[in-house]
Amino acid sequence: ETTLRAAAAKAGLFFGTASSPNRLYPILSQEFGQLTPENDMKPDRIATSSGGLQNTSGADQLVNHAQSNGMVVRGHTLVWHSQAGALQGASQSTLNTFIGNAINRWGSKIAYWDVVNESLEDNNTGRRRNQWPHTMNRDANGDGDFFDAGDTDVIRDSFIRAKQVVQAGGYSTKLCINDYDVEGLTVKGGGPNRKANALYDIVRTYRQYIDCVGFQSHFNDNPNSIISNDLQANIQRFADLGVEVHLSEVDIDDDLSNNDIGAGQADNYRKVVRACLNVAKCTGITVWGISDSESWRSSERGLLFTGGNGNYQKKAAYYAVLDEL
Ligand code: XIL
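Residues numbered from 1 in each chain as written. Predicted model: local features only at pLDDT ≥ 70, side-chain atom pairs only at ≥ 80, totals over all residues.

A short note on the overall build of the protein chain
When helices and strands are tallied, the protein chain shows 11 helices and 11 strands. In terms of overall dimensions, the protein chain has a C-alpha envelope of 55 × 45 × 30 Å along the principal axes. Buried residues in the protein chain amount to 49% of all 325 residues. In the protein chain, of all internal contacts separated by at least 6 residues, the share reaching a separation of at least 24 is 70%. (Helix = DSSP H or I, 4+ residues; strand = E, 2+ residues; numbered from the N terminus. Buried ≥ 20, exposed ≤ 12 C-beta atoms within 10 Å, placed from the backbone. Contact = placed C-beta atoms within 7 Å.)

What follows is the structure in structure tokens.
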């Protein structure tokens with residue numbers, strides 16, 4: 001095959017990218033079979049303080065573009081402490097209103113929605129974040145989890161609501177939980193990845209409402225799963241719970257001087273793609289942008305193309321991915 005999109009389709013998964021309405025160049029739908037709005041579906045763009053919708057034109061444009069080009073859409077994202085905009089500090093009931101409005105606006109045009117994004121703390125504590133909306137969690141009996149009767153859990157409640165909306169609408173939309181630093185079973189230097197384990201417990205507990213898990217896969221200065229080769233095993237254990245797994249925001253730092261990411265970017269991309277291909281329920285890979293210069297972390301040169309404004313050149317990493325697919 002001569003494009004990532006075609007090669008991935010043949011291999012039975014999607015290969016996509018994040019993009020924005022000002023970057024709907026031909027290469028987008030030629031090379032990529034899936035689209036995630038990089039910013040246009042975030043609450044700070046589309047949510048009002050009462051959970052209504054506003055400013056959906058960018059999101060609409062992306063969904064329409066995807067539809068007319070046969071691309072799968074991952075909606076991103078409903079409940080998140082960052083870029084929360086008018087929803088910052090909102091109650092669960094307002095979040096539920098927003099969840100309903102957003103899911104209903106696009107229905108089955110959105111194949112996957114990130115319902116909850118980045119709900120776990122940094123530094124491998126295995127705890128929930130304490131920033132809103134996670135401060136709404138209440139551990140009634142103090143046993144350290146949010147899974148008991150009497151506990152309130154923004155993750156559980158948001159998924160219950162989302163599932164209810166999807167079922168009422170008869171949509172085919174699947175509901176995902178998404179996070180970073182959850183890619184490996186172990187962390188750099190050894191020891192368990194408690195953040196990944198916490199995510200695993202959440203998915204295991206609520207799997208009746210959760211259809212898919214996104215490992216963001218921003219592999220930068222603290223690479224663990226690539227070096228330790230345990231990405232595949234971690235994907236596998238989530239798959240064994242019955243959920244689909246996506247590598248949902250991939251970029252891989254090519255700067256070997258400030259980290260120990262190992263063999264070089266193209267080989268690291270190969271390893272990441274291979275880990276997904278080796279697990280049947282790893283159903284998609286999304287890179288977080290097309291070109292290094294238009295990336296949120298452009299200095300890391302973590303993507304598959306260079307260049308700008310639609311004039312993109314393929315990097316070694318591109319050819320490695322195409323070959324591996
Ligand atoms: C980033 C976008 O790429 C930037 O353009 C924006 O300024 C900030 O957000 N995890 C996520 C994504 O889930 O939504 C973030 O996207 C990158 C980290």
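Overview of the nonpolar core
With 86 residues, the main nonpolar core has Trp113, Val115, Ala162, Leu175, Val213, Cys276 and Val321 as its most contacted residues. Per-element tally for this core: the top contributor is helix α6 (residues 154-169), with six residues. Filtering out sequence-adjacent residues up to four positions away, Trp113 remains in contact with Gly75, Leu78, Ile103, Ala162, Thr173, Leu175 and Cys176. (Core = buried A, V, L, I, M, F, W, Y, C linked by C-beta atoms within 7 Å.)

Let's talk about helix α1 (residues 4-11)
Among the residues of α1, those classed as buried are Leu4, Arg5, Ala7 and Ala8. Looking down the long axis of α1, one finds its buried residues gathered within 165 degrees of arc, a one-sided arrangement. Phi turns positive one or two residues past the end of α1, at Gly12, with a value near 90 degrees. (Arc of directions from axis to C-beta.)

Brief notes about the packing of helix α5 (residues 92-106) against α6
Packing of α5 against α6 leaves a shortest axis separation of 9 Å and a crossing angle of 35 degrees. The handedness of the crossing between α5 and α6 comes out as right-handed. Contacts between α5 and α6 involve Gln92, Leu95, Asn96, Ile99, Gly100, Ile103 and Asn104 from the former and Val154, Asp157, Ser158, Arg161, Ala162, Val165, Val166 and Gly169 from the latter. Split into classes, the residues belonging to the contact of α5 with α6 amount to seven nonpolar, six polar and two charged. (Axes fitted to C-alpha atoms, helices over the stretch in contact; angles between N-to-C directions. Left-handed = near helix turned anticlockwise from the far one by under 90°. Nonpolar A, V, L, I, M, F, W, Y, C, P; charged D, E, K, R; others polar.)

Concerning the site of the ligand
The immediate surroundings of the ligand are formed by Glu38, Asn39, Asn117, Gln216, Glu249 and Trp296. Grouping the constituent residues of the shell around the ligand by class yields one nonpolar, three polar and two charged. (Near = placed C-beta within 6 Å.)

Some details on helix α4 (residues 57-68)
Counting along an α-helix, one turn takes 3.6 residues, and residues three or four places apart therefore face a common direction. Between its first and last C-alpha, α4 extends 16 Å over 12 residues, near the 16 Å set by a 1.5 Å rise per residue. Listing the buried residues of α4 in full gives Ala59, Leu62, Val63 and Ala66. Summarising the axial view, the buried residues of α4 lie within an arc of 95 degrees, below the 170-degree limit, and thus occupy one face. In this structure, α4 carries Ser57, Asn64 and Ser68 as exposed residues pointing more than 90 degrees from its buried face. Residues of α4 that are buried make contact with β2 (34-37), α3 (43-46), β3 (72-79) and α5. Two residues or fewer past α4, Gly70 is found with a positive phi of approximately 65 degrees. (Expected span 1.5 Å × (residues − 1).)

Focus on the environment of Leu28
Considering the arrangement of structural elements, one finds Leu28 in helix α2 (residues 26-31). Spatially, the C-alpha atoms of Leu28 and Ser295 are 15 Å apart, while their sequence positions differ by 267 residues. When sequence neighbours within four positions are dropped, the list of residues in contact with Leu28 reads Ser19 and Arg23.

Digging into the confidence of the model for the protein chain
The predicted model of the protein chain has a mean per-residue pLDDT of 94, with 95% of residues at 70 or higher. Mean pLDDT across the elements of the protein chain ranges from a minimum in helix α8 (residues 225-228), with 61, to a maximum in β2, with 99. Among the scores for the predicted complex, ipTM is 0.99 and pTM is 0.96. (pLDDT = per-residue confidence, 0-100.)

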